[in-house]
Every structure is written in C-alpha cells, then in structure tokens.
Amino acid sequence: KNRETANPAACSSPRPAADKHEDEATSKKKLCVKAAKEHSIPKDLNKVLENKIMEKVLDLSHVKLSAVEMMCSGDTDSEGIVSKSVSSHSDLIPGVYEGGLKIWECTFDLLNYFSEAEIEFTNKTVLDLGCGAGLVGIAALRGKADRVHFQDYNSTVIDEITLPNVVANCINEGRRMDTGKDRKASKPPSKRPRKAEGSPDMLNKCRFFSGEWSQVSQLLLSRSKAFSKYDIILTSETIYNPDYYSALHDTLAQLLDKNGRVYLASKVHYFGVGGGIYLFEKFIEEKNVFRTSMVKTIDQGLQRCIMEIAFKDSS
C-alpha cells in the first residue's frame, strides 16, 4: 500500500448506521488528534548524525531511509511506526503513520519548480508542512530564508530523519550554500557518517515540530503573541485523504501571512484514498478564503501538479 492505494479506514470511521455507534465513531476520531510537540536541537550535533548513513539527491544530503528503518527500534521509535509500517506492508497508516519515512516524488517536483520559477526565499519566513525528509525546507534555507520551521505528524520522523538531514546540510557546508539554482548533477551517494564540526547560523534559523496540524497551529499561536506568520508555506503530497482537508485548510488560513503564498505539490488523484489536486481545489473554492492557480503540471506517469495558493484579498 502507498499514498495511491492506502486504506483510510484506520482513521476515518464509517458513518454510523444507528445512534448507538456515534460515541464509538467520535472516540475513534479523537484518537487521530496527535498532540503537538517542539523538538529541540541537541547541543552535541554528532549525536544527531550518529550511526546515520547519508546519501545525496539534487545536491542535498539526506539520511538513507532504508537504514533508518532497520535501526529504528525501542526508544528511537517510541511511536512504533517502523514496526507497524513493516507489519502492515503499508507506507501509510492514517492517524498512526503519515508517510514520512519515504521521500515522495512530488518533493522533487517542488524542488525543480523552485529553480525554474526562481522562487525568492531571501529573508522570508517559511514553513515546511508535512515535511518528512525536509528537503523543500532545506532548499528554502539554501535560498537564504530568514526562518524555516519543519512539521511532520510523527515525532520519530522529526528526530530520526528531518533533524539529521537539516544538520547534515548545515554543518561543514554552511558557508558554501547558495540559492540552489545550480543543482543539476548529483554526486554518488556517500556512505560515510558525517561529522559535525560546528553549528553555523543557518541551523539557528530552524525549529522542528511534530503532531497533527491543528495542534501545531495552536502551539505556535498560543506560545507568543508576537508570532510572525509565514511568508511561504511549502507542502507536498499532503492532500491524499479528503478527511484531512478541513484541518489543512484551517492551518493554512491561521498560519499564512496575509500576503503570503502556499506552494502545494500533489498527484491529480490518489487511488484508494480518494484525494487529489482538483478535489482540494474545489474544497478551497467552496470555503471562499483563498484563490488558487496551477503553476505547473507534470505529465510523466500519473499526472502531478503544483498549486499556488494565496488569500483572496492579498496583493
């Protein structure tokens, strides 16, 4: 199973046939609300990269995901998402594990679009929503963003994948990071563990959060009255399940700056789950808060799109 064929039944209860089932359905839905948590950056960066095997794609370093799956056990995977994913033969278990142990193809669509469209990240505040490996947020860092925040549903993904990836791309290479426009040829994967030699200013621009979208929004908005909303929100393959559309829409509405932009990458349709780009576009139109435009269509294999979203009254 994957995001094209996953069964959403694990998190979305069927409509009750009788009133006596309503309480059960409500309690099941409550189980899907994962509390928000902010993850601190350890002082010893070597610990973050300890036992990690790094690879490169589009000149971005990332943890070898198959190695993470093999090594994650016990305390390093308190949510048990690796064992649950393996035992169910699924890359997606709604409400339990939301796919962050894989790098999905729409991530690369976004990365390529940033270069093609020359998206300007300089001095911007950026949120990588449903970040997984965090590659699009790291690209924003390369583009000299002022702040980049990373969010994933699963805390294991943040600790074992996102945070190590960000650290690996910040240390040692911090001085030579550029806008990313020259990322074309990828070097062969490096299997040697990285050694942290210091934390450049780039790492200090980052914050990391896990939990369900509405919970993360509440955490951000409640902690500081002076919370600065995001100029750019980046999100990839997060609209596969229509049950999540309301939470995603509300999160974008609450966290996006009044003149900000969302760049959302998605497949046209996710078979077996029912979501897709045009269904979400219709959902947005009915809410009448945002305007949308399709800025890129990729016709290779199952058609994929990149949508730009902005408030209707924005400049």
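Rules of the game
Residues numbered from 1 in each chain as written. Predicted model: local features only at pLDDT ≥ 70, side-chain atom pairs only at ≥ 80, totals over all residues. Heavy atoms only, no water. Axes fitted to C-alpha atoms, helices over the stretch in contact; angles between N-to-C directions. Helix = DSSP H or I, 4+ residues; strand = E, 2+ residues; numbered from the N terminus. Parallel < 35°, antiparallel > 145°, perpendicular 65-115°, else oblique. Left-handed = near helix turned anticlockwise from the far one by under 90°. Contact = heavy atoms within 4.5 Å. Nonpolar A, V, L, I, M, F, W, Y, C, P; charged D, E, K, R; others polar. Salt bridge = Lys/Arg side-chain N within 4 Å of Asp/Glu carboxyl O. Buried < 20%, exposed > 50% of the residue type's maximum accessible area, 1.4 Å probe, protein only.

Asks: Describe the packing of helix 9 (residues 213-223) against helix 10 (residues 245-255), listing the residues and the values that go with them.
Replies: In the contact formed by helix 9 and helix 10, the axes pass within 9 Å of each other and the chain directions differ by 20°. On the basis of their axis angle, the class for helix 9 and helix 10 is roughly parallel. Handedness of the helix 9/helix 10 crossing: left-handed. Together, Trp-213, Ser-214, Ser-217, Leu-220 and Leu-221 of helix 9 and Ala-247, Leu-248, Thr-251, Gln-254 and Leu-255 of helix 10 make up the contact between the two elements. Of the residues in the contact of helix 9 with helix 10, the class split is 6 nonpolar, 4 polar and no charged.

Asks: Give a description of the pattern of salt bridges that names residues and reports values.
Replies: In the structure shown here, the tally under the stated rule is 10 salt bridges. With its nearest N and O atoms 3.1 Å apart, the salt bridge here joins Lys-52 to Glu-160. You can see Lys-52 sitting in the loop between helix 2 (45-49) and strand 2 (54-57) and its partner Glu-160 sitting in helix 7 (residues 155-170), a full 108 residues away along the chain. Looking at Glu-160, the relative accessible area reads 15%, which means it is buried. Across the pair Arg-304 and Asp-109 runs a salt bridge, and its minimum N-O distance is 2.5 Å. Of this pair, Arg-304 sits in strand 10 (residues 304-311) while Asp-109 sits in helix 5 (residues 105-117), and the two are 195 residues apart along the sequence. When its relative accessible area of 7% is taken as the criterion, Asp-109 is described as buried. Within this structure, Glu-105, Asp-109, Glu-237, Lys-267 and Arg-304 form a network of salt bridges that share partners.

Asks: Describe in detail unusual backbone geometry, supporting the description with residues and values.
Replies: Located in the positive-phi region is Asn-51, a residue other than glycine, with phi close to 65°. In this fold, Asn-51 is placed in the loop between helix 2 and strand 2. Despite not being glycine, Leu-58 has its phi angle at roughly 50°, a positive value. When you line up the elements, Leu-58 lands in the loop between strand 2 and strand 3 (60-63).

Asks: Give a description of the packing of helix 10 against helix 11 (residues 277-287) that names residues and reports values.
Replies: The geometry of helix 10 relative to helix 11 is characterised by a closest axis approach of 11 Å and an angle of 60° between their N-to-C directions. Relative to helix 11, helix 10 is oriented oblique. Crossing of helix 10 over helix 11 shows right-handed handedness. Along the contact surface, helix 10 presents Tyr-245, Ser-246, Leu-248 and His-249, while helix 11 presents Leu-279, Phe-280, Phe-283, Ile-284 and Lys-287.

Shape is all these values report; function is a separate question.
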